[in-house]
Amino acid sequence: MTNPEVVGGRVAVAELWRQQARAARMRVVLADGRDERAAEAAKILEREELAIPVLLDDPAGFCSGAVRAAAETSPWSERIDLGDPLHVGALMVAVGDADACVGGASRSSADVVRAALYCIGLAPGVETISSCFLLVLPDGTPITYGDCGVVPDPDPDELASIAISTATTHEQLAGEKARVAMLSYSTKGSADGSRVERVRTATEIVRQRMPSLAVDGEMQFDAAWDQQVAAAKAPGSDVAGRANVFVFPDLDSGNIAYKITERLAGARAYGPLLQGTAGVVHDLSRGCSADDIATVAVIAACQATKGRP
């Protein structure tokens, strides 16, 4: 056995995922079964014993009685297509024929989100499907950004849902307690306006729904990240200067921020990871490689072992 990869004095988070996946050997559907990249990813997963890949090449061959029954009884039954591999893969997760599903190498993100919504649905207590990126900084520090790929202009309830889901994703994948900063152009009343008030309201909703979660806002990024700035702008906060989960007020800022962090800070970005569904379904970039598909499958397998909102 090779020694685990160590970055900045800690075992790299991706190595921890591989260790967890090997121990669990979850069944992961690769919904792009006719794509050569998915076929190669299946070989990687099998060779490295990271998961039991289910290469979904012919949807009809995977439509068990349970899958058909779930399609017929779904509130979205009229929109479910048993000839669509994304729909069949998601249904397999819903009925327990598989533990997780990864797809979208040749489809839009909207197609993947719709498949998850129609065939699996929202987890209890969750109001919206959203997404996040887990970013690993060059020193090995993991941080999580949400939402970066699904909800364009969330209202306070949606923003609160995004915060709770992103905190859960961070805890599952980073293996540490989430400290959530609700980001804004204002810190603790330094500015006012409808957009600031939306973040304040969302913060209070999160506190009501999850009193045990460390969350604070509204907060500028420098106050959330830098302890010296936090001492000046948000004294007494248990999140300011220590945040590891950053919730952006809209999709513009979240998407821009993760790309800046990836390109300028040299972070490794994993995502967009869908969250808020009753089972694990993840999207793929249409420019993904076989290694990318295998990595997302490993992430999905890890989450499937732990449950998720």
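Here is a short report on the structure shown in this document. Just so it is clear, the model here is predicted, and its values are computed rather than measured.

1. Quick word on the sheet that holds strand E5 (residues 100–103)
Line of reasoning, step 1. With parallel pairing, the four strands of this open sheet are ordered in space as E4-E3-E5-E12. Both outer strands of the open sheet, strand E4 (52–55) and strand E12 (280–283), are each paired with one neighbouring strand and no more. When the angles between neighbouring strand axes are averaged without regard to direction, this sheet yields 20 degrees.
Line of reasoning, step 2. When E5 meets E12, the two strands line up parallel, connected through four bridges. Following the sheet pairing, Gly103 is matched in E12 by Asp283.
Line of reasoning, step 3. With respect to the sheet, helix H4 (residues 85–95) is in contact with strand E3 (27–30), E4, E5 and E12, its orientation differing from that of E5 by roughly 165 degrees.
Line of reasoning, step 4. The strands touched by helix H11 (residues 290–306) within the sheet are E3, E5 and E12, with E12 carrying the most contacts at an inclination of about 155 degrees.

2. Quick look at the pairing of E4
Line of reasoning, step 1. Where E3 and E4 come together, four bridges link them in parallel fashion. Bridge pairing in E4 places Val28 opposite Pro53.
Line of reasoning, step 2. The handedness of the E3 to E4 crossover, carried by helix H2 (residues 36–47), is right-handed.

3. Some words on the nonpolar core
Line of reasoning, step 1. Within the largest apolar cluster, 36 residues are counted, with the highest numbers of intra-cluster contacts made by Trp17, Val28, Leu30, Leu45, Val102 and Ile293.
Line of reasoning, step 2. Among the elements of the structure, helix H1 (13–24), E3, H2, E5, strand E6 (130–136), strand E11 (268–275) and H11 are those that each provide at least two residues to this core.
Line of reasoning, step 3. No other element matches the ten residues that H11 contributes to this core.
Line of reasoning, step 4. If sequence neighbours within four positions are ignored, Leu45 has contacts with Leu30, Leu50, Ala51, Pro53, Ala294, Ala297 and Val298.
Line of reasoning, step 5. Of all hydrophobic cores here, the second largest spans 27 residues; its members include Val29, Ala31, Ala98 and Cys119.

4. Focus on a negative patch on the surface
Line of reasoning, step 1. On the surface, a cluster of negative charge is made up of Glu40, Glu48, Asp291 and Asp292.
Line of reasoning, step 2. Secondary-structure assignment places Asp292 in helix H11.
Line of reasoning, step 3. Note on Asp292: relative accessible area 32%, which makes it partly exposed.

5. Thoughts on the pattern of salt bridges
Line of reasoning, step 1. Applying the stated criterion to the full structure yields 18 salt bridges.
Line of reasoning, step 2. A salt bridge links Arg27 to Asp99; the shortest N-O distance between them is 3.2 Å. Pair noted here: Arg27 is in strand E3 and Asp99 is in the loop between H4 and E5, with a separation of 72 residues, a long-range link.
Line of reasoning, step 3. For Asp111, the salt bridge is made with Arg114, and the minimal N-O distance between the two is 2.8 Å. Here Arg114 and Asp111 lie together in helix H5 (residues 109–119), a separation of three residues that amounts to about one turn.
Line of reasoning, step 4. A network of salt bridges, in which partner residues are shared, links Asp84, Arg107, Asp111 and Arg114.

6. Some thoughts on the sheet that holds strand E7 (residues 142–146)
Line of reasoning, step 1. With mixed pairing, six strands are arranged side by side in an open sheet as E9-E8-E10-E7-E6-E11. The open sheet terminates on both sides in strands that have one partner only, identified here as strand E9 (214–219) and E11. Taken pair by pair, the neighbouring strands of this sheet meet at an average axis angle of 20 degrees, ignoring direction.
Line of reasoning, step 2. Sheet topology note: the E6/E11 ladder contains six bridges and is antiparallel. Pairing of Val136 across the sheet is with Arg268, part of E11.
Line of reasoning, step 3. Where helix H6 (residues 156–174) meets the sheet, its contacts fall on E6, E7, strand E8 (179–183), strand E10 (245–247) and E11, and the angle it forms with E7 comes to roughly 155 degrees.

Definitions and limits used
- Residues numbered from 1 in each chain as written.
- Predicted model: local features only at pLDDT ≥ 70, side-chain atom pairs only at ≥ 80, totals over all residues.
- Heavy atoms only, no water.
- Pairing = 2+ DSSP bridges.
- Helix = DSSP H or I, 4+ residues; strand = E, 2+ residues; numbered from the N terminus.
- Axes fitted to C-alpha atoms, helices over the stretch in contact; angles between N-to-C directions.
- Contact = heavy atoms within 4.5 Å.
- Right-handed = clockwise from strand over helix to strand, strands pointing away.
- Core = buried A, V, L, I, M, F, W, Y, C linked by side-chain atoms within 4.5 Å.
- Buried < 20%, exposed > 50% of the residue type's maximum accessible area, 1.4 Å probe, protein only.
- Patch = residues over 30% accessible without salt bridge, like charges linked within 9 Å, V, L, I, M, F, W, Y side chains within 5 Å.
- Areas by Shrake-Rupley, 256 points an atom, 1.4 Å probe, with all protein chains shown as cover.
- Salt bridge = Lys/Arg side-chain N within 4 Å of Asp/Glu carboxyl O.
- Lys, Arg positive; Asp, Glu negative; His and termini not counted.
- Charge placed at Lys NZ, Arg CZ, Asp CG, Glu CD.

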